[in-house]
There are 2 protein chains.
Amino acid sequence: MINYPTLKKVNTQKPATKSHKNRGMRLEKLINEANEYYLAQNVAVIHKKPVPIQIVKVDYPRRSLAQIKEAYYKTPSTTDYNGLYQGKYIDFDVKETKSKTSFPLKNIHHHQISHLQAVEAHGGLAFIIIYVHVHDQAYLIPYNTIKRFIERAKTGRKSMTLEEIVANGFAIKEGFRPRLDYLSALNRWQKSLKSST
Amino acid sequence: MINYPTLKKVNTQKPATKSHKNRGMRLEKLINEANEYYLAQNVAVIHKKPVPIQIVKVDYPRRSLAQIKEAYYKTPSTTDYNGLYQGKYIDFDVKETKSKTSFPLKNIHHHQISHLQAVEAHGGLAFIIIYVHVHDQAYLIPYNTIKRFIERAKTGRKSMTLEEIVANGFAIKEGFRPRLDYLSALNRWQKSLKSST
């Protein structure tokens, strides 16, 4: 095995295989791994935000140690990921669907929609990454596209069909390093905007 | 009292007074209040990141309730605040000094310096807000300036004097709404860059 000392963390991962049984559960891990790679390679600065916790009780068993004894999960007020890529603010959340036919839009929470809407309005790049289990494939869907389907849901169907995801999303190809190179899908999205204007 | 229905959260705050005894402790609260105001007024999308927690033990006293029974504070890997303003990625941390003479640079942790450095390199706006107790005044210091003093600390003094903070920082004037309008200091910083080129 070749030893890349500066990429230790990334290289401890096993290479991608065709058996992806727990792939959906691993999606977040793959995104985090991609972010570590982007940072180490000086490509982008993107981090997952910590999970918000409401702390109720803290003990101090030793002077130097704070031990949280009672706390609860809070609803996040934004998305899970944000950061900086090529001078641009980027912001996204990660979802998955095990359905054979569609992605229910109710999986995108109201506060996430408001947040992505605000990001887009202020000139950031807002999107969602959806992992479709039956395709064993993740797609980057621009928020602008999601918005159209949320609009349709007011009078029509409450989900995006898998066909609509394929037609409107940007497939995230799996590679070696990083395995889930989602910024390459983002580049294709941005290129498509330029060529359509 | 005039009733501004869209600004409910902001208006529940008491008006600023001249007695600022616990002002340093309230700095974070004032920044959060400013961020709420900026969001409600469609000026910027800036949020405080949740405090990172290492969760060890979770109980489920009821099926619908997850109760965290053992957890610990983790060292944050980035800064406390980031967001989007006028199409630009902004990133900062908040500090204070009770010293009558200086701000010790060791208060800016190594991982925060690395992070702010990366943000600047990728085209974001990186800075620190320092509240100086003896001045009862907060200053926005561009990361680029901080960097010069960190460089000096390698062979010289390990702190910025209060005079250097005043001379190199942008004072955050206190107003009515938001009380700590730090984006106005950021605007002065950006303007000074333009006029110097």
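Refer to the structure presented above.
This write-up is about the structure you can find in this document. Here the residue numbering is sequential within each chain, running from 1 through the sequence in written order. Chains and ligands are labelled sequentially in the order written, the chains with letters from A and the ligands with numbers from 1. The predicted origin of the model limits local features to residues at a pLDDT of at least 70 and limits the giving and counting of side-chain atom pairs to 80 or more, whereas totals for whole chains, interfaces and linings rest on all residues. Hydrogens are left out, water is left out, and the side-chain values use all remaining heavy atoms of the structure.

### Concerning the overall build of chain A
Here a strand is any run of E in DSSP of at least two residues, a helix any run of H or I of at least four, and the numbering for each starts at the N terminus. Each helix and strand counted, chain A has six helices and ten strands in total. Buried positions account for 45% of the 197 residues belonging to chain A. In what follows, residue pairs with any heavy atoms lying within 4.5 Å of each other are defined as contacts. Considering only residue pairs separated by 6 or more positions, chain A has 62% of its internal contacts joining residues 24 or more positions apart. Entry remark: accessible area of chain A is about 10,800 Å², with carbon and sulfur atoms responsible for 53%. Under the scheme applied here, a residue whose accessible area is under 20% of the maximum for its type counts as buried, over 50% as exposed, and between as partly exposed, the area being computed with a 1.4 Å probe on protein chains only. Note that accessible areas follow from Shrake-Rupley with a 1.4 Å probe, and for residues the cover is restricted to the protein chains shown.

### A word on helix α6 (residues 182-195) of chain A
Residues and elements named next belong to chain A. A rise of 1.5 Å per residue sets the reference length of α6, with its 14 residues, at 20 Å; its end C-alpha atoms lie 20 Å apart and thus fit the reference within 8%. Buried within α6 we find Tyr-182, Leu-183, Ala-185, Leu-186, Trp-189 and Gln-190. One side of α6 carries all its buried residues, which in axial view fall inside an arc of 155°. Opposite the packed face of α6, turned more than 90 degrees from it, sit the exposed residues Lys-191, Lys-194 and Ser-195. Each helix should span, by expectation, one fewer than its residue count multiplied by 1.5 Å. Picture the helix axis, draw a direction to every C-beta atom, and the arc is the one those directions span.

### Focus: unusual backbone geometry
Residues and elements named next belong to chain A. The peptide bond linking Arg-177 to Pro-178 adopts the cis configuration, its omega dihedral lying at -5°. Locating Pro-178 in the fold gives a position in the loop between β10 (170-172) and α6. Not every positive phi belongs to a glycine, and Asn-42 is a case in point at roughly 60°. Turning to its location among the elements, Asn-42 is positioned in the loop between α2 (23-40) and β1 (44-48). Despite not being glycine, Asp-136 shows a phi value in the positive range, around 45°. Structurally, the position occupied by Asp-136 is in the loop between β7 (125-132) and β8 (137-142).

### Describing the pairing of strand β2 (residues 53-62) of chain B
For a regular strand, side-chain orientation follows a simple rule: the groups alternate between the two sheet faces. Residue and element names in this part refer to chain B. In this analysis, strands are considered paired if DSSP registers two or more bridges between them. Here β2 pairs with strand β3 (residues 65-73) via seven bridges, running antiparallel. Looking at the pairing, Ile-53 lines up with Tyr-73 of β3. The turn linking β2 back onto β3 is made up of two residues.

### Some thoughts on the relation of the copies chain B and chain A
Of the transformation placing chain B onto chain A, the axial shift is 0.0 Å and the rotation is 180°, giving an RMSD of 0.0 Å. In symmetry terms, the pair is related by a two-fold rotation axis. Comparing interface residues between copies, 100% of those in chain B also lie at the interface in chain A; the contact surface is shared. Superposition of the copies was done by least squares, using only C-alpha atoms of residues whose pLDDT is at least 70 in both.

### Digging into the sheet that holds strand β3 (residues 65-73) of chain A
If you walk across this open sheet you meet the four strands as β2(A)-β3(A)-β3(B)-β2(B), and the pairing is antiparallel. Of all the strands in the sheet, the pair left with one neighbour each is β2 (53-62) of chain A together with β2 of chain B. With strand direction ignored, the average angle separating the axes of adjacent strands in the sheet is 25°. For β3(A) and β3(B), the ladder comprises four bridges, and the chain directions are antiparallel. Across the sheet, the residue bridging to Ala71(A) is Ile68(B), located in β3(B). All axes are obtained by fitting lines to C-alpha atoms, using only the stretch in contact for helices, and the reported angles, taken between N-to-C directions, cover 0 to 180 degrees.

### A look at the interface of chain B and chain A
As a measure of interface size, the accessible area lost when the parts come together is often cited. Each partner contributes to the interface: chain B provides 35 residues, whereas chain A provides 35 residues. The contact between chain B and chain A buries some 2,900 Å² in all, and 66% of this surface belongs to carbon and sulfur atoms. For salt bridges, the criterion is a side-chain nitrogen of Lys or Arg within 4 Å of an Asp or Glu carboxyl oxygen. Run the count over chain B and chain A and you get zero salt bridges. Distance and chemistry together define a polar contact, namely a pair of N or O atoms within 3.5 Å, with one atom able to donate a hydrogen and the other to accept it when in protein, and with adjacent residues in sequence counting only for side-chain atoms on both sides. Run the count over chain B and chain A and you get nine residue pairs in polar contact (both at pLDDT 80 or more). Of all the elements in the fold, those that place two or more residues in the side of chain B that touches chain A are β1 (44-48), β2, β3, β4 (81-85) and α3 (110-121) of chain B. Charged residues are taken to be Asp, Glu, Lys and Arg, nonpolar residues to be Ala, Val, Leu, Ile, Met, Phe, Trp, Tyr, Cys and Pro, and polar residues to be all remaining types, Gly included. Its residues assigned to classes, the side of chain B that touches chain A shows 19 nonpolar, 13 polar and three charged. Simply put, the buried area is the total loss of 1.4 Å probe accessible area from both parts when two parts are fitted together.

### Focus on the packing of aromatic side chains
Stacked, edge-to-face and tilted labels apply to pairs of Phe, Tyr and Trp rings (six-membered ring for Trp) whose centres lie within 6.5 Å, assigned for plane angles under 30 degrees, over 60, and everything in between, in that order. Across all of its chains, the model carries 13 aromatic pairs over all chains by this definition. For the pair Phe127(A) and Trp189(A), a centre-to-centre distance of 6.0 Å together with 75° between the ring planes defines the contact as edge-to-face. With Phe127(A) in strand β7 and Trp189(A) in helix α6, this residue pair connects regions lying 62 residues apart in the sequence. Neither Phe127(A) nor Trp189(A) differs from the other in exposure class; each is buried. Between Phe92(B) and Tyr182(B), the aromatic rings sit 5.1 Å apart at their centres with planes inclined by 55°, giving tilted as the arrangement. With a gap of 90 residues between them, Phe92(B) in strand β5 (residues 88-97) and Tyr182(B) in helix α6 (residues 182-195) connect regions that are remote in the sequence. One aromatic cluster is present, formed by Tyr37(A), Tyr38(A), Tyr81(A), Phe92(A), Phe127(A), Tyr182(A) and Trp189(A) through successive ring pairs.

### Remarks on the sheet that holds β5(B)
Residue and element names in this part refer to chain B. Strands sit in the order β1-β4-β5-β7-β8-β10 across an open sheet of six strands; the sheet is mixed. Strands with a single pairing partner mark the edges of an open sheet, and in this sheet they are β1 and β10 (170-172). On average, each strand axis in the sheet is tilted by 25° relative to the strand beside it, whichever way the strands run. Pairing geometry for β4 and β5, over five bridges, is antiparallel. Among the inter-strand pairings, Asn-82 is bridged to a residue of β5, identified as Asp-91. Sheet strands in contact with helix α4 (residues 143-153) are β7 (125-132) and β8 (137-142), and its direction is about 85° off that of β8.

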